[in-house]
Amino acid sequence: MESALKEQRGGESVLDLSPRATPAGGVEDVYGEDCATEDQLITPWTIAVSSGYNLLRDPRYNKGLAFTERERDAHYLRGLLPPVISTQELQEKKIMQSLRQYDVPLHKYVAMMELEERNERLFYKLLIDNVEELLPIVYTPTVGEACQKYGSIFKRPQGLYISLKEKGRILEVLKNWPERSIQVIVVTDGERILGLGDLGCQGMGIPVGKLALYTALGGVRPSACLPITIDVGTNNEQLLKDEFYIGLRQKRATGQEYYDFLHEFMSAVKQNYGEKILVQFEDFANHNAFELLAKYGTTHLVFNDDIQGTASVVLAGLIASLKLLGGSLADHTFLFLGAGEAGTGIAELIALEISKKTKYPVEETRKKIWLVDSKGLIVSGRKETLQSFKKPWAHEHEPVNNLLDAVKAIKPTVLIGTSGVGRTFTKEVIEAMASTNERPLIMALSNPTSQAECTAEEAYTWSEGRAVFASGSPFPSFEYNGKLNIPGQANNCYIFPGFGFGLVMSGTIRVHDDMLLAASEALAAQVTEEHFAKGMIYPPFADIRKISAHIAASVAAKAYELVVATRLPRPANLVKYAESCMYTPNYRSYR
């Protein structure tokens, strides 16, 4: 990534440019949201102390029936609540019982969003305690359907909508958000939502969902998170004709108009929130995603989850899979179906990791990695017509027109799908992989589930139970010849919450590739022998908070090593420090 992006920056690195440091420290926990403040008495205040009816309508402080007798007297709640006093655990049990009665995942999604709007701590308590059950609801695959129908289910704003109408006034719009101590912004322009295409303004479901996971999985305080949608129009004709569409009814702005608007946004963000604000680009189209990452990587703390987060989580799976496949990364050959931002991002990080381990230049290690796009195998004969981010992968080879022939010609040990096109890993492709590998590694990464290149059942069946399989969306376990196979989920949720939290807790001002490698290695290290015995190359999501703490500590350690961390002095034990800074959703006691 960094080596490829440096070419677009004229040779500049994220470590070369000033400022090298900013004032030390992070954002103070004024709401009592992390572990370190869990036992403190707090005051429920916004502009004034919140009480009575207003307190029950404030999702940050509302506890519903869990208010104690003393709190009901102190905050004028007598008569506004039934007399029973509940516990948070009983409330959680009741909500989960209610959620499980819904048959339609989208109904569960709407119910969860409504819970977040009335009782924030209970929402996160549910999500943390039931992460494996609720993750597919608040994020992929259900969030994809939610974005498609966002205009119909929209009830109240959950972030900032910055449209072309606000051109020249973006800083003023940012100041309308009630929180000032923002640490993480997730922003989308809605052009490439999951594998669903251009959803315009309705892409807001993605930043909202990502930031919910930043809090639940990574421990970033909800008050420090800001979801933003940049609305520059949409080319989706169906949405433009939809009477319930909530965005600008015009074709997408492109070219200089688009980049000027994004530049105003990035400048305003830095002016309003400072040097250490993390801006995560989400679901931008390929041509814009690489351009924005290259342009702002040296001036802002920016991260693209589709390019860098996906790459890091896939690399973690590859590192862990070596226990099952044997050898080192350098001993394997990789073939990708899909050469967009995800595919090329993963490929570059694999090349960097091999380069780091073998000391060979990255230009040499790239030759172990081959990519297939819509026109076939990317080879040197096509170089003149390729987009810039594909050119490093144009190796010497005869033209190959399709994936099956590419598998037969290249004989890869690892097949990775990032095409966004479902069922492209056919029976013939999987059988070809299995014919040359004792344990072929198949990674069908496209989201949502309908766009996966193949299912877990297909991969195991067509490889006669020998495949090691991982996907982007969850698949159920599958038994073949009496052996239970548990598919891995190469879900970005393993990486980005802990990665972002590591940046925030250390006050880091730039993202460097070495931090991504550190995150991958930290995640791979969490896979135990017990997991390997079940064919797993990722740890269970039930342990995600512990996993995120270790990833955050590894990322922070690398930031201190690279001298881009500003929280000084460096904590002696970064894992314990990460755990102490994590948001916890347990109810607080009010004065």
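Residues numbered from 1 in each chain as written. Predicted model: local features only at pLDDT ≥ 70, side-chain atom pairs only at ≥ 80, totals over all residues. Heavy atoms only, no water.

1. Points about helix H11 (residues 205–216)
Next, step 1: Between its first and last C-alpha, H11 extends 16 Å over 12 residues, near the 16 Å set by a 1.5 Å rise per residue.
Next, step 2: Of all 12 residues in H11, 12 are buried; the element is thus mostly enclosed.
Next, step 3: For H11, the complete set of buried residues consists of Gly205, Ile206, Pro207, Val208, Gly209, Lys210, Leu211, Ala212, Leu213, Tyr214, Thr215 and Ala216. (Helix = DSSP H or I, 4+ residues; strand = E, 2+ residues; numbered from the N terminus. Expected span 1.5 Å × (residues − 1). Buried < 20%, exposed > 50% of the residue type's maximum accessible area, 1.4 Å probe, protein only.)

2. Description of the state of the cysteines
Next, step 1: Enumeration over the complete set of coordinates arrives at zero disulfides.
Next, step 2: As a non-bridged cysteine, Cys493 has Cys147 as the owner of its nearest cysteine sulfur, 14 Å distant.
Next, step 3: What makes Cys493 buried here is its relative accessible area of 0%. (Disulfide = S-S within 2.5 Å.)

3. So, the UniProt feature "domain: Malic enzyme N-terminal" (unreviewed entry) in the chain
Next, step 1: Per the UniProt entry, the sites bearing "domain: Malic enzyme N-terminal" (unreviewed entry) are residues 116–297 in this numbering.
Next, step 2: Within residues 116–297, the helical portion is 46% and the strand portion 11%, while the C-alpha atoms at the span's ends are 33 Å from each other. (UniProt positions renumbered as here; feature names shortened; annotations may be inferred.)

4. A look at the packing of aromatic side chains
Next, step 1: Scanning all chains against the criterion turns up 16 aromatic pairs.
Next, step 2: Ring centres of Phe281 and Phe284 lie 5.6 Å apart, and the angle between their planes is 85 degrees; this geometry places the pair in the edge-to-face category.
Next, step 3: For Phe281, a relative accessible area of 0% translates into the label buried.
Next, step 4: In textbook terms, an aromatic cluster arises when at least three aromatic residues are bridged by ring pairs, as seen for Tyr460, Phe469, Phe475 and Phe478.
Next, step 5: Sitting above the plane of the Trp393 ring, Arg366 keeps its charged end 5.8 Å from the centroid. (Phe/Tyr/Trp six-rings, centres within 6.5 Å; stacked < 30°, edge-to-face > 60°. Lys NZ or Arg CZ within 6 Å of the ring centre and 35° of its normal.)

5. Regarding the nonpolar core
Next, step 1: Of all hydrophobic cores here, the largest spans 128 residues; its most connected members are Ile350, Met443 and Phe499.
Next, step 2: If sequence neighbours within four positions are ignored, Ile350 has contacts with Leu315, Leu318, Phe334, Phe336, Ile369 and Ile416.
Next, step 3: Ranked by size, the runner-up nonpolar core spans 36 residues in total, among them Val173, Leu174, Tyr258 and Phe281. (Core = buried A, V, L, I, M, F, W, Y, C linked by side-chain atoms within 4.5 Å. Contact = heavy atoms within 4.5 Å.)

6. Brief notes about the sheet that holds strand S8 (residues 376–377)
Next, step 1: Taken together, the seven strands give an open sheet; going across it, the order is S8-S7-S6-S9-S10-S11-S14, and neighbouring strands pair in mixed fashion. The open sheet has two free edges, formed respectively by S8 and strand S14 (488–489), since each of these has just one partner strand.
Next, step 2: The strands touched by helix H18 (residues 403–410) within the sheet are strand S6 (334–337), strand S7 (369–373), S8 and strand S9 (414–417), with S6 carrying the most contacts at an inclination of about 175 degrees. (Pairing = 2+ DSSP bridges. Axes fitted to C-alpha atoms, helices over the stretch in contact; angles between N-to-C directions.)

7. Focus: the UniProt feature "domain: Malic enzyme NAD-binding" (unreviewed entry) in the chain
Next, step 1: On the UniProt side, "domain: Malic enzyme NAD-binding" (unreviewed entry) is annotated at positions that read residues 307–560 here.
Next, step 2: End C-alpha atoms of residues 307–560 are separated by 24 Å, and the span's content is 44% helix alongside 12% strand.

8. Brief notes about unusual backbone geometry
Next, step 1: Looking along the chain, the bond that leaves Thr140 and enters Pro141 is cis, with omega of 10 degrees.
Next, step 2: Inspection of the secondary structure puts Pro141 in the loop between helix H7 (131–138) and helix H8 (142–148).
Next, step 3: Each neighbour pair has its own omega, and for Leu568 with Pro569 the value is 0 degrees, a cis peptide bond.
Next, step 4: Checked against the element boundaries, Pro569 lands in the loop between helix H24 (544–561) and helix H25 (574–581).
Next, step 5: Its identity as a non-glycine residue notwithstanding, Glu464 has a phi of 60 degrees, on the positive side.
Next, step 6: Its place among the elements puts Glu464 in the loop between helix H20 (456–462) and strand S11 (468–471).
Next, step 7: Glu464 sits in the exposed class, given a relative accessible area of 54%.

9. Remarks on the side chain of Thr508
Next, step 1: Along the chain, Thr508 turns up in the loop between helix H21 (496–506) and helix H22 (513–524).
Next, step 2: On the basis of relative accessibility, which here comes to 0%, the residue Thr508 falls in the buried class.
Next, step 3: Separated by 2.6 Å, the side chains of Thr508 and Ser506 make a polar contact.
Next, step 4: Apart from the residues lying within four places of it in its own chain, the contact partners of Thr508 are Lys276, Leu301, Gly502, Leu503, Met515, Ala559, Val564, Ala565 and Thr566. (Polar contact = N/O pair within 3.5 Å; in protein donor to acceptor, adjacent residues only side chain to side chain.)

10. Structural notes on the pattern of salt bridges
Next, step 1: All chains considered together, the criterion is met by 30 salt bridges.
Next, step 2: Taking the shortest distance from any N to any O, the salt bridge between Asp73 and Arg78 comes out at 2.8 Å.
Next, step 3: Put simply, Arg192, Asp283, Asp306 and Glu341 are held in one network by salt bridges that share partners. (Salt bridge = Lys/Arg side-chain N within 4 Å of Asp/Glu carboxyl O.)

11. Thoughts on the sheet that holds strand S3 (residues 225–231)
Next, step 1: As summarised here, the arrangement of the five strands in space is S1-S3-S2-S4-S5, forming an open sheet in which the pairing is parallel. Only two strands of the sheet have a single neighbouring strand rather than two, namely strand S1 (160–163) and strand S5 (301–304). Put simply, the sheet's adjacent strands are angled 25 degrees from each other on average, direction ignored.
Next, step 2: This element, helix H13 (residues 255–273), spans S1, strand S2 (184–188), S3, strand S4 (278–281) and S5 of the sheet and lies at about 160 degrees to S3.

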